[in-house]
Amino acid sequence: MALHGKKVTYSSHSSRAARAAHAKGDREFRTYDTSAIMPKKSPAPFICLGIVAVVVIAAVCFFAFRGCAGSQVELLAPGQSAEVTITEGETASSIGDALVAARLIGSSREFTDEVTRLEAASALIPGTYTFQGGSTPEELVRAIMAGPAQVGDTLAVPEDITRAELSELVASATGGRITAEAFLAASENASAYAADYAFLESAGENSLEGFLFPKTYAVTEDMDAEAIVRMMLDQFGTETASIFGDFANSYPASQGLTLYQAVNLASIVAKESTGDQEVRDHVAGVFYNRLASDRPYLESDATTAYEVGREPTAEEVHAETPYSTYANAGLPPTPICSPGLESLTAVCEPTQTEDMFFYFYPDADGNMQAAFSKTYEEHQQAIADNSNAGGADGSGDAAAGEGAAA
């Protein structure tokens, strides 16, 4: 019987023998080696994954080791001590590293966290310290805030102080080791330092009045008067870099002032203002207006007070003396104090105003208030309106409250 291409399949009514044959064939098929006919898989992905895993594990181990190592610093025991020197301008992080190196703390972060908590970043005083083992981070921060007690002296220079007053502070802070006379001699001639400090170029042979920057300093035992002067000049350069760094393009320069004259004006603003920055800026604006007027007299009692060494009388402020800004147009011969950064900034960024006069008076709570006026008539009215405010007499000279023409 001929075959006609009939498809042979397993019937749904297959016999037992057929089912047994089918099962046997299926088992044999599953055991065939088909690798020769199957497509091959690349091992590259598995190799890459292995490399990544090794790198991740290595990194985790590295940082874990560092963390453990940092926490296993063998600290100094109580009774042991270490000397640490902190330089001017050093950051809290750098100080922390030095304390770790001295085995006083286990990690720099212990110190920086405490500095942050105590808001002490700007109050860390440079100098050489002797710390005892077992000191806590808080004790270390507070010791540095207090200043180096073991070696050297702390010299706290307030704003708006004169060079003569400063010389007495230096003598007092050093226990007389550096005399007032020695300090005055070391700060007598700006030209002796001009080669090292470009901001002194226009100071000529005048004294360093105005440039001895107010701040708290650590004076070590090996420092003489000149070293202290240079430390203060260094600080002046650091503090004023943002306002005097490009002086040729500054506001004072646009008004025809040299850097020395700008410091001179700032010293007068410092003596004629309250502590409020807006008031300082406004007073600076008034003085610029006076200098630019057809009658360029500053009429500041503070300049005569500097000359006579006390509050001047009405006759003294009008006398024909070098520092009388009633009798002489323009600026006085030299600055009259060491202005702080706020007064220096006020001269560089004054209020743009048409006011020509200002008057200070106490309010009912005793706080000083300022009244600014464009005209002399308005100024006189401001005095009349406020002369009895707070029960105080507001009339008199500029040092007492009136920054006005007589």
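About the criteria used
Residues numbered from 1 in each chain as written. Predicted model: local features only at pLDDT ≥ 70, side-chain atom pairs only at ≥ 80, totals over all residues. Heavy atoms only, no water. Helix = DSSP H or I, 4+ residues; strand = E, 2+ residues; numbered from the N terminus. Buried < 20%, exposed > 50% of the residue type's maximum accessible area, 1.4 Å probe, protein only. Contact = heavy atoms within 4.5 Å. Areas by Shrake-Rupley, 256 points an atom, 1.4 Å probe, with all protein chains shown as cover. Expected span 1.5 Å × (residues − 1). Polar contact = N/O pair within 3.5 Å; in protein donor to acceptor, adjacent residues only side chain to side chain. Phe/Tyr/Trp six-rings, centres within 6.5 Å; stacked < 30°, edge-to-face > 60°. pLDDT = per-residue confidence, 0-100.

**Brief notes about the overall build of the chain**
- From N to C terminus, the chain includes 16 helices and seven strands.
- With 406 residues in all, the chain has 40% of them scored as buried.
- Taking the contacts inside the chain whose residues are at least 6 apart along the sequence as the reference set, 62% of them involve residues at least 24 apart.
- Surface summary for the chain: the accessible area is close to 22,200 Å², and the carbon and sulfur share equals 54%.

**Here's the deal with helix 12 (residues 277-292)**
- When the terminal C-alpha atoms of helix 12 are compared, their 23 Å separation across 16 residues agrees well with the 22 Å that a helix rising 1.5 Å per residue should span.
- Of all the positions in helix 12, only Val 279, Arg 280, Asp 281, His 282, Val 283, Ala 284, Gly 285, Val 286, Phe 287, Tyr 288 and Arg 290 are classed as buried.
- Looking at where helix 12 begins, the residue whose side-chain oxygen comes 2.9 Å from the main-chain nitrogen of Glu 278 is Asp 276.

**Overview of the side chain of Thr 274**
- Tracing the chain through its elements places Thr 274 in the loop between helix 11 (259-272) and helix 12.
- The exposure class of Thr 274 is buried, given its relative accessible area of 19%.
- Once you skip the residues sitting within four places of it in the chain, Thr 274 turns out to touch Val 279, Arg 280, Phe 360 and Met 368.

**Some words on the packing of aromatic side chains**
- Enumeration according to the criterion identifies 16 aromatic pairs in this entry.
- An aromatic cluster is built from Tyr 197, Phe 199, Phe 211, Phe 213, Phe 236, Phe 244, Phe 247 and Tyr 260, whose rings are joined through pairwise contacts.

**Details of the confidence of the model for the chain**
- This prediction gives the chain a mean pLDDT of 83; 77% of its residues lie at or above 70.
- Here strand 7 (residues 402-403) stands out as the least confident element of the chain, with mean pLDDT 48; helix 7 (residues 180-186) is the most confident, with 98.
- Scored below 50 in pLDDT, residues 60-71 makes one contact in the model with residues more than four places away or belonging to other chains.
- Below a pLDDT of 50 lies the segment residues 390-402, which in the model reaches 30 contacts outside its immediate sequence neighbourhood of four places, other chains included.

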